[in-house]
Every structure is written in C-alpha cells, then in structure tokens.
Amino acid sequence: MIDNLRVFDKDPLHHVLKVIDDSAGGVALLVDRSTGVLNRVITDGDIRRVFLKGGNADSLLESVPYLKPVIVQEGESMDRVRQLMQNHSIQHIPVVDKEGVPVGLYRRDELEENVLLSPPHLGKDEMTYVSEAIETNWIAPVGPNLDTFEKEFCERVGSNAAAALTSGTAALHLSLILAGIEQGDRVACSTFTFVASVNPVLYQGGEPVFIESEDAGWNMCPRALEKAFVWAKKDGSPIKAVIVVNLYGQSARIEKIIELCVEHGAVLIEDSAESLGATYQGRSSGTFGKFGIFSFNGNKIITTSGGGMLVSDDVDAIARAKFLATQARESAAYYHHEVVGYNYRLSNILAGMGRGQLKVLSDRVESRRRIFSRYLSGLKELEFEWMPEIEGGYSTRWLSVGCLSRDSNVDISEFLNHLSKKGIEARRVWKPMHLQPLFENSQYFCIDGNELSASLFDRGFCLPSGSSLTESQQDRVISEIWEYVSSV
Ligand SMILES: *Cc1c(COP(=O)(O)O)cnc(C)c1O
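First, a word on scope: everything that follows refers to the structure included in this document. (Residues numbered from 1 in each chain as written. Predicted model: local features only at pLDDT ≥ 70, side-chain atom pairs only at ≥ 80, totals over all residues. Heavy atoms only, no water.)

Our focus in this paragraph is the overall build of the protein. Of the regular secondary structure elements, the protein holds 16 helices and 21 strands. Oriented by its inertia axes, the alpha-carbon framework of the protein measures out at about 90 × 60 × 35 Å. Counting every position in the protein, which comprises 488 residues, the buried fraction comes to 53%. A separation threshold of at least 6 residues defines the contact pool for the protein, and within that pool the share at least 24 residues apart is 68%. For the protein, the accessible surface area stands at approximately 21800 Å², while carbon and sulfur atoms represent 49% of it. Taking the average place of the 49 positive charges on the side chains of the protein and the average place of its 65 negative ones, the gap between the two points comes to 2 Å. (Helix = DSSP H or I, 4+ residues; strand = E, 2+ residues; numbered from the N terminus. Buried < 20%, exposed > 50% of the residue type's maximum accessible area, 1.4 Å probe, protein only. Contact = heavy atoms within 4.5 Å. Areas by Shrake-Rupley, 256 points an atom, 1.4 Å probe, with all protein chains shown as cover. Lys, Arg positive; Asp, Glu negative; His and termini not counted. Charge placed at Lys NZ, Arg CZ, Asp CG, Glu CD.)

A separate point is the sheet that holds strand β1 (residues 6-7). The sheet built from three strands is open, its strands ordered β1-β2-β3 with mixed pairing. Either end of the sheet is taken by a strand with one partner, and the two such strands are β1 and β3 (38-42). By the bridge criterion, four bridges tie strand β2 (residues 28-31) to β3 in an arrangement that is antiparallel. Among the inter-strand pairings, L29 is bridged to a residue of β3, identified as V41. (Pairing = 2+ DSSP bridges.)

This part is about the pattern of salt bridges. Enumeration according to the criterion identifies 22 salt bridges in this entry. In this structure, the salt-bridge partner of R427 is E425, at a minimum N-O distance of 2.7 Å. (Salt bridge = Lys/Arg side-chain N within 4 Å of Asp/Glu carboxyl O.)

Looking now at the state of the cysteines. Summed over the entire model, instances satisfying the criterion amount to zero disulfides. Take C221: it sits in no disulfide, and the sulfur closest to it among the cysteines is that of C446, at 8.7 Å. Counting only cysteine sulfurs, C189 is the nearest neighbor of C261, a cysteine outside any disulfide, at a range of 12 Å. (Disulfide = S-S within 2.5 Å.)

Note on placement: R459 falls in helix α15 (residues 452-459). Overall, the relative accessible area of 8% leaves R459 in the buried class. A distance of 3.2 Å separates polar atoms of two side chains, one belonging to R459 and the other to E385. Once you skip the residues sitting within four places of it in the chain, R459 turns out to touch E385, G402, C403, L404, S405, R406 and I412. (Polar contact = N/O pair within 3.5 Å; in protein donor to acceptor, adjacent residues only side chain to side chain.)

Applying the stated criterion across every chain yields a total of 18 aromatic pairs. Ring geometry for F149 versus F153: centroids 6.1 Å apart, planes at 75 degrees, classification edge-to-face. One end of the pair, F149, and the other, F153, are both in helix α6 (residues 144-157), four residues apart, so they sit about a helical turn from each other. You can call F149 buried: its relative accessible area is 0%. Between the aromatic rings of F149 and F296, the centroid separation amounts to 5.4 Å while the plane-to-plane angle is 50 degrees, which identifies the pairing as tilted. Placement of F149 in helix α6 and of F296 in the loop between β14 (291-295) and β15 (308-312) is noted, with a sequence separation of 147 residues between them. (Phe/Tyr/Trp six-rings, centres within 6.5 Å; stacked < 30°, edge-to-face > 60°.)

Taken together, the side chains of L202, Y203 and L438 make up a nonpolar region of the molecular surface, amounting to roughly 300 Å² of accessible area. Take L202: it is sitting in helix α8 (residues 199-203). Note on L202: relative accessible area 34%, which makes it partly exposed. (Patch = residues over 30% accessible without salt bridge, like charges linked within 9 Å, V, L, I, M, F, W, Y side chains within 5 Å.)

A word on helix α1 (residues 13-22). Think of an α-helix as 3.6 residues a turn; residues three or four steps apart then line up on the same face. For α1, the complete set of buried residues consists of L13, V16, V19 and I20. Seen from one end, α1 has its buried residues packed into an arc of 115 degrees, which puts them on one side. Exposed residues on α1 whose side chains face more than 90 degrees from its buried face are D21 and D22. Turning to α1, the residues buried within the fold contact β1, β2, β3 and α2 (44-52). (Arc of directions from axis to C-beta.)

Printed below as a string of structure tokens:
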C-alpha cells in the first residue's frame, strides 16, 4: 500500500492529486528518487496552496515548499503516535525505517476508531434483495427470498432441507421439540459454550448434562460424553439428545460422538452457530447430526442482523419445523390448532440480506483465517497458546482465540481492560456452563480431572476478528498487546 503513495519532485501536480485521490490514505509521500528517503508528506491542502499562488495542474511537485515531516520509527508506541497527531494537528504520520524510508502510515481515523470484536460486514448484493422484497411487497415471513435463501443455504452446506428462523436459539428450540425432548429429559451439551446452546433445553423443561472439552480442538470430549451416557443409563434416566457445539469456527471431532449417539439411541444436534463455513473431513460443520443449527446474529460470520437456520436431511422434520415456527396452524378453512406453536419464522426482507451475505461467505472465511495467521506470526514470541485446528478440520477462525501460557504473570482481566482502554474490543472466552449459577445443580463430566474449559476461561481471550478489519488496525492490536504483555 505504501508503494502506491510514493511521488517524486519532478512529478506534475495532476499526478500527485491522483495518487492522493486513489489511495485510501488521503496523502502522498514525497521521497528522494535515488535513496527512497522520505522528504515530506503531501496533502491536497499543500497543492491547493500552490494553485492559489498561480500554479496549475502541470506545475511540478518541487513547487511545494519544503516542510519537515513528522515521522515515527517502527515499533513506536500508539500513545506516542496519537499524541504527535494531536500536537501537530495532523491526520497522518508515516512510519520510517532506520534509513528514513517510509514503510507504513498511521491514519488518525483508524487510530481513533474503536477496533471491534466482530462487527457486521456487508457485501454488495444485500440491498438489491432487500429492495426487491420491499418493492414487490413481500415483507411478511413468507416470500421468494425466504425460499431461495433456504435453497441456496442447503446447496452451500450440503443438506437436504432447511428452515430459516428468527434466531439460532429458535432453531435449537425447534430441534429439541422435534427430537421429542420433554419435561425431565436429559440432554448432554458441551459445557464450553455460550448460554444460548443450553437455554432451549430449559424451555423444554429438560435437564442439561455438561460435557467437558478435549485438548484437540477444544470441543466436546467423546470420552467424557461416553462417561455421561453410562452414568445416565445406570441412573435410570438415559440421555435422549446431545447438543455438540462447534465453537469459534471449528467443527468438533465428531465421528466418535456420532457412534456414541447411535449406540445409545440419542438424537445428535449440532450447534454450528459459530461455525458456518467450516468443514470436517470435507463435509460442512452442522450436517453430521440429525439436526444442525446456524445463527445470523450481528456478530456471526455472516448476518441478517438477527436470524438462524435449522438444517436436516429429514425433509419431513423440516416441514414440521416450519409448521411449528408459524404458530402450528393446521390446514383448515379457519384457525385450527392442535399443538403449541411459535412465531419463529424469518422475514422475507432479512432472508434477502441472508442471500447477499451467503454470496460473500467464502471471502469472509478467508479474511478471518488471514487475520488469525497475522496474529499468530505477529505475536509469536509471546508464547500464547492458540486454539488448535483439528486434523481433517478446516476452521473459519470466526474469532481468533488464544490463551496466556499457564505460567504467565499477566492477569487476564487486567490485560483485556487495558486493551479496552486503548479502544480495542477483546473478550474473555465463554465461561463454562457448569460454572454458571444458572446450572449449579447440573451434572458435569470430564476425564482424569482435566477441567480444560475452566482453565481456558482463566487464561483465554478472543481478539478482534471481523472480516473488515484493516491491516493497520490489526497492527495496532498486535503492537498494543506486545507493549502490554512485554511490560508485565
Ligand atoms: C450465537 C450463538 C447461538 C445463538 O444464536 P442466536 O442467533 O443469537 O440466537 C447459539 N450457540 C452459540 C454457540 C452461539 O455462539
């Protein structure tokens, strides 16, 4: 990027203006032709002043008077950069190497803007589909976008049928109803997850049983699940369904879990709210179980502002889900009801957004993976542990998740507070469900006392990972982390 900003003293001003205009930077950098050393920063204001003195577009850049540039060396602290911008009332500061050759550029707007964890990132087609819905008056929770979104979603993940719903939580709730979960039924669920994975079990009056994660990939440990199956059976109330969560963009190692569900006659539900776009052994996350659920909440890899999808190869089950999601209205000439229903259907407008977002999903996955690799190399020396990618798995790196080493002196809360003060939104990892007061009476299973999720909670962090994050924003995150962690 910095290469495109370079201009020379014999360049005509029309060329320099074009450089300023084309670059997102808003400046050009005048460098010495032979050494590449920075001579000054050129803004459009500088050129305007030449014009006011009678110059024109063909005047040469050398007609702009010399002004010593405000620069910083590589590795300068962000506080110092911000302070310099303030003191000099300038919007840009070039970063130079030891020889004085520009290697980067700080922009004030980027430095002052908060770096968010995972903000929405729109493509270019969302508005088209949304406008179409409005122009054709398909505003209700029926319509062509809804049908097409479901069809395109099925094609993308490789599923037979899908129901677009108001949220991922609604999708989970319906999957539990379809799995026949009722009052007092036991449902095993990953403990290392967001509470939305388990709330629907409570809606049904079910009893959650929590399963610890395994070191490989940090998702559900099959051995702990087996222990829970055996215990529940002996206890006289077997586990009827399993909710396996595919966390932070990565599928669980699912083959053993499938085997156990078959052996014990339990329905397998995949909570893939965070792992749309991920695969395991070439197959989409969310398509291994009887049901898979996805979320299009604002922070997920693609979003409809709010929304979710229930998928299954069982076409009849999905038809039933759509029936339940529209108040369970029986087909009759009047309003006739036999079972309890819900208002869970996604609107045709939001489905339009979903169609646009689905088109850019692959780009979003690539961006997030790229962001993760930059953190990995930029923070290499700090000895963080990063969420491992499982063999045969392809993670989207929905969030870049890591943790402090076990012997680190850094306090996780103070660390994240510090980043927050610097305008960087980083978060703790999920607090395990079995440690939540809401579930204090629930059963919990782990292997050999390895309470991995609790340990990850004590040390883990999620870094800004949005696919719209710029490289310089990411550099800012990296340098703030460096500064803090190496000073503790
Ligand atoms: C976001 C999320 C959900 C819930 O999805 P909503 O669309 O917000 O209801 C469920 N499980 C996990 C793991 C999530 O991250």
